[in-house]
Amino acid sequence: MASQQLGAIRRRLPHLLSNHAVTGTVLNFHSKPHVPSHTLLLPQQTRHFSSPATNAKNNTTSDASSSSDAPPSIDPQTLSAIYNRQRATYKKSVSFLRKQYFAEIQSQRERDARLAAIQKAKEERAVLERRRIKAAKSARNAAREVEKREERRREFERELALTQREREAKRER
């Protein structure tokens, strides 16, 4: 496992150790949650390569190992530490993003639940209003039926009284 990590780091080493990728600073996760995968954070003591100005000062002889194209040699423990710090930084940024996304999704769910509750309350009020109107209409119809029944009963009593008078008139003759 460690040899695979070292192999991966060594393949990316020339790109990782470029001047713009080596910053030596610590990332603030609250201000910058995303860390580019090509950024490498090296502490000051692990930078084994020297700037062109110090090369000119030292006036060293150039051999195959000090060529500007070849990556500087870093021991496997340092490479492993670099890789582990990068992984930890990546995991922290991913964890922060997941927490942030979860909070956004949670707030969206709460907002949707509130809107659904408001919509449900509106629908329930509409149903209750329709029931109230229907009940009022039914009460008016029932009252009208009672009035009609009472009118028919009075009409029947009048008719009965009239028929009774006619019978009595026939008997008296």
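Residues numbered from 1 in each chain as written. Predicted model: local features only at pLDDT ≥ 70, side-chain atom pairs only at ≥ 80, totals over all residues. Heavy atoms only, no water.

1. A closer look at the overall build of the protein
Working step 1: Secondary structure assignment for the protein yields three helices and zero strands.
Working step 2: Helices and strands appear in the protein in the N-to-C order α-α-α.
Working step 3: A burial count over the protein gives 13% of its 173 residues as buried.
Working step 4: Long-range contacts, defined here as pairs at least 24 residues apart, represent 71% of the contacts in the protein between residues at least 6 apart. (Helix = DSSP H or I, 4+ residues; strand = E, 2+ residues; numbered from the N terminus. Buried < 20%, exposed > 50% of the residue type's maximum accessible area, 1.4 Å probe, protein only. Contact = heavy atoms within 4.5 Å.)

2. Points about a positive patch on the surface
Working step 1: Where like charges cluster on the molecular surface, the positive patch consists of Lys137, Arg140, Arg144, Lys148, Arg149 and Arg152.
Working step 2: Tracing the sequence through the fold places Arg140 in helix 3 (residues 76-172). (Patch = residues over 30% accessible without salt bridge, like charges linked within 9 Å, V, L, I, M, F, W, Y side chains within 5 Å. Areas by Shrake-Rupley, 256 points an atom, 1.4 Å probe, with all protein chains shown as cover. Salt bridge = Lys/Arg side-chain N within 4 Å of Asp/Glu carboxyl O. Lys, Arg positive; Asp, Glu negative; His and termini not counted. Charge placed at Lys NZ, Arg CZ, Asp CG, Glu CD.)

3. Comments concerning the pattern of salt bridges
Working step 1: Throughout the structure, instances matching the rule amount to six salt bridges.
Working step 2: Across the pair Glu151 and Arg154 runs a salt bridge, and its minimum N-O distance is 3.1 Å. Of the two residues, Glu151 and Arg154 are both situated in helix 3; the distance of three residues between them amounts to about one turn of the helix.
Working step 3: The class for Glu151 is partly exposed, based on a relative accessible area of 37%.

4. A closer look at the side chain of Ser93
Working step 1: Here Ser93 shows up in helix 3.
Working step 2: In this structure Ser93 comes out as buried when scored by relative accessible area, which is 4%.
Working step 3: There is a polar contact of 2.8 Å between the side chain of Ser93 and the backbone oxygen of Tyr90. (Polar contact = N/O pair within 3.5 Å; in protein donor to acceptor, adjacent residues only side chain to side chain.)

5. A word on the confidence of the model for the protein
Working step 1: Residue-level pLDDT values for the protein average 77, and 58% of them are 70 or greater.
Working step 2: No element of the protein has a lower mean pLDDT than helix 2 (residues 52-58), which averages 46, and none a higher one than helix 3, which averages 96.
Working step 3: Of the regions scoring below 50 in pLDDT, residues 19-38 engages in 34 contacts with residues more than four places distant in sequence or in other chains.
Working step 4: Within the model, pLDDT remains below 50 along residues 44-66, and this stretch shows 15 contacts once partners closer than five positions in the same chain are excluded. (pLDDT = per-residue confidence, 0-100.)

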